[in-house]
Amino acid sequence: MKRVLTGIVSFPIVVGIVYYGSPLLFLLFVAAITLMGVSEYFTIIDRIGIGGFPIHGSILSFLLLLSFYFNGSFMMEWGLIASVTLFAAWFFHEDNVKVAIDQISFTLFGVLYVAGLGGYHLLIRNFGDGERLIFFLLLIVWLGDIAAYYWGKHFGKKPLAPVVSPNKTMEGAIAGLVGNLAAGAIAGYWFLDHIAMVHCLLVSLICGTIGQFGDLAESLLKRHAGIKNSGDVLPGHGGILDRIDSLLFAGPMFYCYFKLVL
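Rules used throughout
Residues numbered from 1 in each chain as written. Predicted model: local features only at pLDDT ≥ 70, side-chain atom pairs only at ≥ 80, totals over all residues. Heavy atoms only, no water. Salt bridge = Lys/Arg side-chain N within 4 Å of Asp/Glu carboxyl O. Helix = DSSP H or I, 4+ residues; strand = E, 2+ residues; numbered from the N terminus. Buried < 20%, exposed > 50% of the residue type's maximum accessible area, 1.4 Å probe, protein only. Axes fitted to C-alpha atoms, helices over the stretch in contact; angles between N-to-C directions. Parallel < 35°, antiparallel > 145°, perpendicular 65-115°, else oblique. Left-handed = near helix turned anticlockwise from the far one by under 90°. Contact = heavy atoms within 4.5 Å. Nonpolar A, V, L, I, M, F, W, Y, C, P; charged D, E, K, R; others polar. Expected span 1.5 Å × (residues − 1). Arc of directions from axis to C-beta.

## As for the pattern of salt bridges
Phase 1 of the analysis: Enumeration according to the criterion identifies three salt bridges in this entry.
Phase 2 of the analysis: Ionic pairing is found between K168 and D215, a salt bridge with its closest N-O pair at 3.4 Å. Taken together, the residues span a long stretch of sequence, with K168 in strand 2 (residues 165–169) and D215 in helix 9 (residues 197–225) at a distance of 47 residues.
Phase 3 of the analysis: With a relative accessible area of 24%, K168 lands in the partly exposed category.
Phase 4 of the analysis: Taking the relative accessible area as the measure of exposure, D215 reaches 19% and is therefore buried.
Phase 5 of the analysis: With a shortest N-O distance of 3.5 Å, E218 and K222 are connected by a salt bridge. One end of the pair, E218, and the other, K222, are both in helix 9, four residues apart, so they sit about a helical turn from each other.
Phase 6 of the analysis: Note on K222: relative accessible area 10%, which makes it buried.

## Brief notes about the packing of helix 2 (residues 23–48) against helix 5 (residues 100–118)
Phase 1 of the analysis: Interhelical geometry of helix 2 versus helix 5 gives an angle of 150° and a closest axis separation of 10 Å. Overall, the two elements helix 2 and helix 5 adopt an arrangement that is roughly antiparallel. Helix 2 and helix 5 meet at a crossing whose hand is right-handed. For the pair formed by helix 2 and helix 5, the contact residues are V30, T34, G37, V38, Y41, F42 and I45 on the first element and F106, T107, F109, G110, Y113, V114, A115 and G118 on the second.
Phase 2 of the analysis: Of the residues in the contact of helix 2 with helix 5, the class split is 10 nonpolar, five polar and no charged.

## A short note on helix 3 (residues 54–69)
Phase 1 of the analysis: Helix length check: helix 3 (16 residues) gives 22 Å between terminal C-alpha atoms against 22 Å at 1.5 Å per residue, within 8%.
Phase 2 of the analysis: Residues of helix 3 that are buried include every one of G57, L60, S61, L64, L65, S67 and F68, and no others. One face of helix 3 carries all of its buried residues, which in axial projection span an arc of 150°.
Phase 3 of the analysis: Of the residues trailing helix 3, N71 is marked for its positive phi of about 55°.

Structure follows, in C-alpha cells:
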C-alpha cells in the first residue's frame, strides 16, 4: 500500500514538471533527483569501506548536468575540472596513498554513473517533442517495473541473477518486457502517432532490456555493500537510486535510438 500511495502522489508531480515545466524547471528537477542519487551512492560506497569525496562529487555532478543542459557545450572543460578537483581533494584532505586511487576513481565513477547517465534526459527534453519523449521513456520503465514486480512476486520461480539479486526472477523479467511493449503500443496510439509503431515497439523493447541491466547494476552495488535499499526517502520504494536505476541505463539508449535512427 505504501508503494501504491507513493506512486499516486509522485505521478502527477513528475508528469506536470515533464509536460508543463520550463526547461530550467526540468533541469532543477533532474538536478534534485540526481544529487539525492549521488548522496545515496556515496552512502553505499562508505558502507563498502571507500570514503570518496561526496561534496566534490555533488558539485561535479551539477556541473556535468549543466553541460548536458547546454548540449554538451563544455564537456571537455568539465573533464579537466573533474580530474584536477578530485586529485586536489585527495591531496588536501587525505594522506593514505594506498587508497588514493580507490577514492578518486570511485568518486568519478559515481558522478558518471548517476549524473553522466541521468544527464541524457536533459538532451531528450531538448528534442522537438521532448516532453512527450520523456513521458514515453517514463512510461516504458514504469509499466515494465510494475509488470515485473507484481508478476514476479506472485508467479516468479526461476531466479534471474541469484548472485546479484535473488528476488528477481525470469518470469518477472519476461513480464517486464511485456509491460515495456505495452507502453510502446500505448504511446504509439495515444500521443506519438507521428512515429511509426514499429519504432515505438522496438525502442520500448531495447530500453526495457537495457533498463533491467540497470536494475541489476544497482543491485550489484547494494549486494556488495550488504544493504537492501539505497535509501528510504520513498516509502515502499526505497531510495532514489532504487527508482531511477533502470532510467539511468535506458535514458542514454533511448537518446541514441532517436538521435541515430529517427
